[in-house]
Amino acid sequence: MTEMAKMIDRVRRFFRDNPDLNRSLFAARAKLHRNSLYGFNDKGWNPRVETLDKLLRAIDAYQAEEAKAQRKPRPSKLAMAAEAA
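These figures come from a predicted structure and were not determined experimentally. (Residues numbered from 1 in each chain as written. Predicted model: local features only at pLDDT ≥ 70, side-chain atom pairs only at ≥ 80, totals over all residues. Heavy atoms only, no water.)

Visitor: Break down the nonpolar core for me, citing the residues and quoting the values.
Guide: In terms of nonpolar packing, the biggest core is built from 18 residues, with Val11, Phe14, Phe15, Phe26, Trp45 and Leu55 touching the most fellow members. Where this core is concerned, the elements lending two or more residues are α1 (3–17), α2 (23–29) and α3 (49–70). With six residues, the single largest contributor to this core is α3. Setting aside residues no more than four positions away along its own chain, Phe15 makes contact with Leu21, Arg23, Phe26, Leu37 and Phe40. (Core = buried A, V, L, I, M, F, W, Y, C linked by side-chain atoms within 4.5 Å. Buried < 20%, exposed > 50% of the residue type's maximum accessible area, 1.4 Å probe, protein only. Helix = DSSP H or I, 4+ residues; strand = E, 2+ residues; numbered from the N terminus. Contact = heavy atoms within 4.5 Å.)

Visitor: An account of the packing of aromatic side chains is needed here, citing residue identities and associated values.
Guide: A ring pair, where both rings are aromatic, is described by two values, the distance of the centres and the angle of the planes. The final tally for this structure, using the stated rule, is seven aromatic pairs. Here the aromatic rings of Phe15 and Phe40 are separated by 5.1 Å at their centres, their planes lie at 50 degrees, and the arrangement is tilted. Here Phe15, found in helix α1, pairs with Phe40, found in the loop between α2 and α3; they are 25 residues apart in sequence, far enough to count as distant. For Phe15, a relative accessible area of 2% puts it in the buried group. Members of the aromatic cluster, each reached through a chain of ring pairs, are Phe14, Phe15, Phe26, Phe40, Trp45 and Tyr62. (Phe/Tyr/Trp six-rings, centres within 6.5 Å; stacked < 30°, edge-to-face > 60°.)

Visitor: Would you mind going over unusual backbone geometry in detail, with residue names and values included?
Guide: Of all residues except glycine, most have a negative phi; of all peptide bonds, most are trans. Positive phi is not limited to glycine here, since Lys31 has a value of about 60 degrees. Tracing the backbone shows Lys31 in the loop between α2 and α3.

Visitor: An account of the confidence of the model for the protein is needed here, citing residue identities and associated values.
Guide: Overall, the predicted model of the protein reaches an average pLDDT of 89, with 84% of residues at or above 70. Taken element by element, the predicted model of the protein shows its lowest mean pLDDT in helix α4 (residues 77–84) (66) and its highest in α1 (95). (pLDDT = per-residue confidence, 0-100.)

Visitor: Report on the pattern of salt bridges, specifying residues and quantitative values.
Guide: This structure, assessed with the given rule, holds six salt bridges. Between Asp9 and Arg13 there is a salt bridge, with the nearest N and O atoms lying 3.1 Å from each other. Taken as a pair, Asp9 and Arg13 lie in helix α1 at a separation of four residues, close to a single helical turn. Its relative accessible area of 30% is what places Asp9 among the partly exposed residues. Linking Arg10 and Asp60 is a salt bridge whose minimum nitrogen-to-oxygen distance equals 2.4 Å. Taken together, the residues Arg10 in helix α1 and Asp60 in helix α3 connect sequence positions 50 residues apart. (Salt bridge = Lys/Arg side-chain N within 4 Å of Asp/Glu carboxyl O.)

As structure tokens, this is what we get:
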């Protein structure tokens, strides 16, 4: 599998794993026009390298935000002391 094919596959997997994600808003977040994602599931989808680069950067940022949101914040020592009192 070529590097381009791997990148395209990653974009397809990302949207398959996040079916509720608004693609138009995601394209805007990646600083792309919404039509850039048109037909991305088609076998003949052939985006430019710049488009894939922007999409993959936006995917990385989205996944980092999701991971950060899922982490539980540690309670502060001040809050723990207040609960103990």
